[in-house]
Amino acid sequence: MAYDDPKTLVSTAWLETHLKNPDLRVIDASWFLPTSGRDPKAEYEASHIPGARFFDIDEISDTRSTLPHMAPPPEKFISRMRAMGIGDGHQLVVYDTAGVFSAPRVWWTFRLMGKHDVAVLDGGFPKWVAEGREVEDMPPVLRDRHITVQRHAELVKDVTQVAAASKLGDHEIIDARAPGRFEGIDPEPRPGLRVGHIPGSKNVHFATLLNADGTMKSPDALREVFLAAGVDLRKPAITTCGSGVNAAILALALEIVGHRNHAVYDGAWAEWGMFNDLKVATGKA
């Protein structure tokens, strides 16, 4: 049975049914690790869901920061969304070409800006294409649209707040990276970073939240994944990963299971792994 909630996750069938709705906006939020050699913008231009706009995670960010794709300032977000024809009164559906990989990051960014009528496409572009649904290579017609934002600071944490949470143990810090990176066995894809994890954090590799076809597991199954990793769902959560993208998959999963008190550590391991005065743990959680 498909899980359809326009504020978290919708199926490909739901999107196809609503695709002609004049107040629907579809966003291609594809992004890849720097080592992938793939160009998400070029792939979007070659083929995308009809009417989709491309959201450049690296460009629509706080480019004043030395850290990768930190959340954009509200004024920059407003400027980019207006130019993309995305504004007040729109229902948004965000997808990516990996399945469920980078789209949740853009879902989270909209929520950070106070926009809640936004859902991730379950299974993303691969499922859409596999089912033989319509694609196009034409750019959408963009008309400027007014957008009002209100930044919700409680949805993001900085390094000082995460360090305090690690020391006090009053939050569950949940890391979405693969076990080898979390345990400090495998090297980081970004050069110059230490290996390991934030002391006291738990490891929920984002892939364990997905079915074999790239869709999200059921709410009950998602809850079991968190519990199996030792996560106490009664505590407020901080999600983290390599650079703040996959952490949003955990945020989406927490929202689906009804855990409302969660935030993303935006600097993630790209920041924590860089500073020698921050403690690092290795091995299993």
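Residues numbered from 1 in each chain as written. Predicted model: local features only at pLDDT ≥ 70, side-chain atom pairs only at ≥ 80, totals over all residues. Heavy atoms only, no water.

Undergrad: Please clarify how the overall build of the protein chain should be interpreted in this entry.
TA: In terms of regular secondary structure, the protein chain is built from 10 helices and 10 strands. Taking 2.2 N^0.38 as the reference for a compact globule, 285 residues should give roughly 19 Å; the C-alpha atoms of the protein chain span a radius of gyration of 18 Å, in line with that estimate. Overall, the protein chain is about 50 × 40 × 35 Å in size when its C-alpha atoms are taken along their principal axes. Looking at the protein chain as a whole, 54% of its 285 residues qualify as buried. Expressed as a percentage of contacts within the protein chain between residues at least 6 apart in sequence, the contacts between residues at least 24 apart total 76%. As presented, the protein chain carries roughly 12400 Å² of accessible surface, and 54% of it is formed by carbon and sulfur atoms. Side chains of the protein chain carry 32 positive and 38 negative charges; the gap between the two charge centres is 4 Å. (Helix = DSSP H or I, 4+ residues; strand = E, 2+ residues; numbered from the N terminus. Rg over C-alpha atoms; globule rule 2.2 N^0.38 Å. Buried < 20%, exposed > 50% of the residue type's maximum accessible area, 1.4 Å probe, protein only. Contact = heavy atoms within 4.5 Å. Areas by Shrake-Rupley, 256 points an atom, 1.4 Å probe, with all protein chains shown as cover. Lys, Arg positive; Asp, Glu negative; His and termini not counted. Charge placed at Lys NZ, Arg CZ, Asp CG, Glu CD.)

Undergrad: Explain the pairing of strand 10 (residues 262-265) here, please?
TA: As a general feature of sheets, a regular strand has side chains that alternate between the two faces. Across the two faces of strand 10 the burial is the same, with His262 and Val264 and Ala263 and Tyr265 all buried. Here strand 9 (residues 237-240) runs beside strand 10; their pairing, made up of 3 bridges, is parallel. Its bridge partner being in strand 10, Ala237 is matched across the sheet by His262. Considered for its hand, the β-α-β crossover made up of strand 9, helix 9 (residues 247-256) and strand 10 is right-handed. (Pairing = 2+ DSSP bridges. Right-handed = clockwise from strand over helix to strand, strands pointing away.)

Undergrad: Help me out: how do you make sense of the side chain of Asp122 in this one?
TA: If you trace the backbone, Asp122 turns up in the loop between strand 5 (118-121) and helix 5 (124-130). The charged side chain of Asp122 is buried without a salt bridge, its nearest counter-charge being Lys127 at 6.6 Å. Every residue in contact with Asp122, bar those within four places of it in the chain, is listed here: Leu9, Val10, Ser11, Thr12, Val100, Lys127, Thr215 and Met216. (Salt bridge = Lys/Arg side-chain N within 4 Å of Asp/Glu carboxyl O.)

Undergrad: Help me understand the sheet that holds strand 2 (residues 24-28) in this model?
TA: Hydrogen bonds between backbone groups are what pair the strands of a sheet, and the pairing can be parallel or antiparallel. Ordered in space as 1-5-4-2-3, the 5 strands form an open sheet in which the pairing is parallel. Looking along the sheet, the strands with just one partner apiece sit at the ends: strand 1 (9-10) and strand 3 (53-54). Sheet contacts for helix 4 (residues 103-112): strand 2, strand 4 (91-95) and strand 5; angle to strand 5, the most-contacted strand, approximately 180 degrees. (Axes fitted to C-alpha atoms, helices over the stretch in contact; angles between N-to-C directions.)

Undergrad: Help me understand the nonpolar core, please; the structure alone is not making it clear to me.
TA: Across soluble globular proteins, nonpolar side chains have a tendency to be buried as a group. Of all hydrophobic cores here, the largest spans 55 residues; its most connected members are Phe55, Phe110, Met216 and Phe226. Those elements giving two or more residues to this core turn out to be helix 3 (74-83), strand 4, helix 4, strand 5, helix 8 (219-228) and helix 9. With 9 residues, the single largest contributor to this core is helix 9. Phe55 has contacts with Ile27, Asp28, Ala29, Ile60, Phe77, Met81, Met84, Val106 and Phe110, leaving out every residue within four places of it along the chain. Ranked by size, the runner-up nonpolar core spans 16 residues in total, among them Val10, Tyr44, Ala52 and Ala119. (Core = buried A, V, L, I, M, F, W, Y, C linked by side-chain atoms within 4.5 Å.)

Undergrad: Could you clarify how one ought to interpret helix 4 in this entry?
TA: Side chains that are three or four residues apart share a direction in an α-helix, a result of its 3.6 residues per turn. Burial runs high along helix 4: 10 of the 10 residues are buried. Considered for burial, the residues of helix 4 that qualify are Ala103, Pro104, Arg105, Val106, Trp107, Trp108, Thr109, Phe110, Arg111 and Leu112. One or two positions beyond helix 4, positive phi appears at Gly114, with a value near 85 degrees.

Undergrad: I'm lost on the packing of aromatic side chains in this one. Help?
TA: To describe a pair of aromatic rings, you give the distance between the ring centres and the angle between the ring planes. Using the criterion set out here, one finds 7 aromatic pairs in the structure. Ring centres 5.5 Å apart and planes at 35 degrees place the aromatic pair Tyr44 and Phe54 in the tilted group. Of this pair, Tyr44 sits in helix 2 (residues 40-46) while Phe54 sits in strand 3, and the two are 10 residues apart along the sequence. What makes Tyr44 buried here is its relative accessible area of 7%. Residue Phe54 is classed as buried on the basis of its relative accessible area, which comes to 13%. Geometry around Trp128 places Arg133 over its ring, the cationic atom sitting 5.8 Å from the centre. Over the ring of Trp269 we find Arg177, and its NZ or CZ is 4.6 Å from the ring centre. (Phe/Tyr/Trp six-rings, centres within 6.5 Å; stacked < 30°, edge-to-face > 60°. Lys NZ or Arg CZ within 6 Å of the ring centre and 35° of its normal.)

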